[in-house]
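Tertiary structure, described
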Amino acid sequence: MINTNWLAHTNISIDGFEDTLNNITQGETPIDISNKSTRGNESLQFSLNNYFKDIKNITNTVTQQLKRIEPLQNKKFNLLEGWTVYGRQGGYHMVHNHGILNHVSVVIYLKTPKQEGQFYYFLLNNNEIEYDEIQPEEGMMIVMPTKTLHGSYPQAKGLRHTLNLDFEMIE
C-alpha cells in the first residue's frame, strides 16, 4: 500500500479525448446527479462504464502518465469506473472523495473557463488539515488517492469539461 496523503498534477496530451467523449455522450441520457458531487442546473454527467473499449486509447495514455508519478512507479492499473462532466455556469463539485482504499483517482481537464472554478483539496499533515487550490487548465491531469477530499468552486460562465477515472492499483 502506498502513502495516501499526496496529490500530483501534470499536463497530458488530450488530443482526441474530447471528440471521443462527445461521440459517446451524443444521444445518451445523462445520469441523475442528485446523489453525486456534481451540482449546477446546467451540469451534465455521463457514465463511461459501458464504454471502456471505446476509451481504451485514452486510458492507455493515462496509465502511461501515471507510471511517471513518484508514488505510482512500478504499479499496474485496472480501470474501475469512468465518467465525464460538462459543467456550465454555476456548476461545481461538493467536497467528496471516491472512498476506496489504495486506488487512484484521475481528473483530466478537457475544457476550462478562464480563472473560474478552482479545484480544491485537503491533505492531512502531522494531524493538521492542509487546504490548497489548483487553477485548472486544459490538458491538466490531477492524480490523487481515492480517499483524498476534493471539489471545485462554482464557475461563472463557460464550459468546464472533465474526464474522471478511478483505477485499481495493482502491486
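Along each chain, residue indices are assigned from 1 in the same order as the chain's sequence is written. Selection of residues for local features in this predicted model requires a pLDDT of at least 70, selection of side-chain atom pairs for listing and counting requires 80 or more, and totals for whole chains, interfaces and linings are taken over all residues. For side-chain calculations, the full set of non-hydrogen atoms in the structure is used, while hydrogens and water are omitted.

**A closer look at the environment of Ile100**
Here is the rule: Numbering of helices and strands starts at the N terminus; helices are DSSP runs of H or I of at least 4 residues and strands are runs of E of at least 2. Note on contacts: a residue pair qualifies if any of its non-hydrogen atoms lie within 4.5 Å across the two residues.
Its location among the elements puts Ile100 in the loop between β5 (92-96) and β6 (103-111). C-alpha separation for the pair Ile100 and Lys147, spaced 47 residues apart in sequence, amounts to 6.3 Å. Non-local contacts of Ile100, meaning those with residues more than four positions away in its chain, are made with Thr146 and Lys147.

**As for helix α2 (residues 56-66)**
For an α-helix, the turn length of 3.6 residues means that residues three or four places apart are oriented alike. Spelled out, the test is: Each residue gets one of three labels from its accessible area relative to the maximum for its type: buried under 20%, exposed over 50%, partly exposed in between, using a 1.4 Å probe on protein chains only. Each C-beta atom gives one direction from the helix axis, and the arc is the one those directions make.
Of the residues making up α2, those classed as buried are Ile58, Thr59, Val62, Thr63, Gln65 and Leu66. Each buried residue of α2 sits inside an arc of 155° when the element is viewed along its axis, so together they form one side. Those residues of α2 that are buried are in contact with β1 (8-11), α1 (17-25), β4 (76-87), β6, β9 (140-145) and β11 (160-170).

**Concerning the nonpolar core**
For the record, the criterion: In this description, a nonpolar core means a group of buried Ala, Val, Leu, Ile, Met, Phe, Trp, Tyr and Cys residues linked to one another through side-chain atoms lying within 4.5 Å.
Of all hydrophobic cores here, the largest spans 29 residues; its most connected members are Val62, Leu66, Val106 and Ile108. Counting residues per element, the ones that place at least two in this core are α1, α2, β4, β6, β9 and β11. Each residue touching Val62, except ones within four places of it in the same chain, is listed here: Ile12, Val106, Ile108, Met141, Leu165 and Phe167. Membership of the second largest hydrophobic core comes to 10 residues, among which are Tyr109, Ile134, Ile142 and Met144.

**Observations concerning a negative patch on the surface**
Here is the rule: Patch membership requires more than 30% relative accessible area and the absence of a salt bridge. Residues of like charge join within 9 Å; the nonpolar side chains Val, Leu, Ile, Met, Phe, Trp and Tyr join within 5 Å. Areas reported as accessible are Shrake-Rupley estimates using a 1.4 Å probe. Residue values count occlusion only from the protein chains shown. Each salt bridge in this description consists of a side-chain nitrogen of Lys or Arg and a carboxyl oxygen of Asp or Glu lying within 4 Å of one another. When charges are tallied, Lys and Arg are placed among the positive residues and Asp and Glu among the negative ones, while His and the ends of the chain are skipped. Here the site of a charge means atom NZ of a Lys, CZ of an Arg, CG of an Asp or CD of a Glu.
Judged by side-chain charge, Glu128, Glu130, Asp132 and Glu133 come together as a negatively charged surface patch. Its location among the elements puts Glu128 in strand β8 (residues 128-134). A relative accessible area of 54% means that Glu128 is categorised as exposed.

**Some thoughts on the side chain of Thr146**
Position of Thr146 among the secondary structure elements: in the loop between β9 and β10 (149-152). Not counting residues within four places of it along the chain, the set of residues in contact with Thr146 comprises Asn97, His98, Gly99, Ile100, Leu101, His103, Val104, Ser105 and Asp166.

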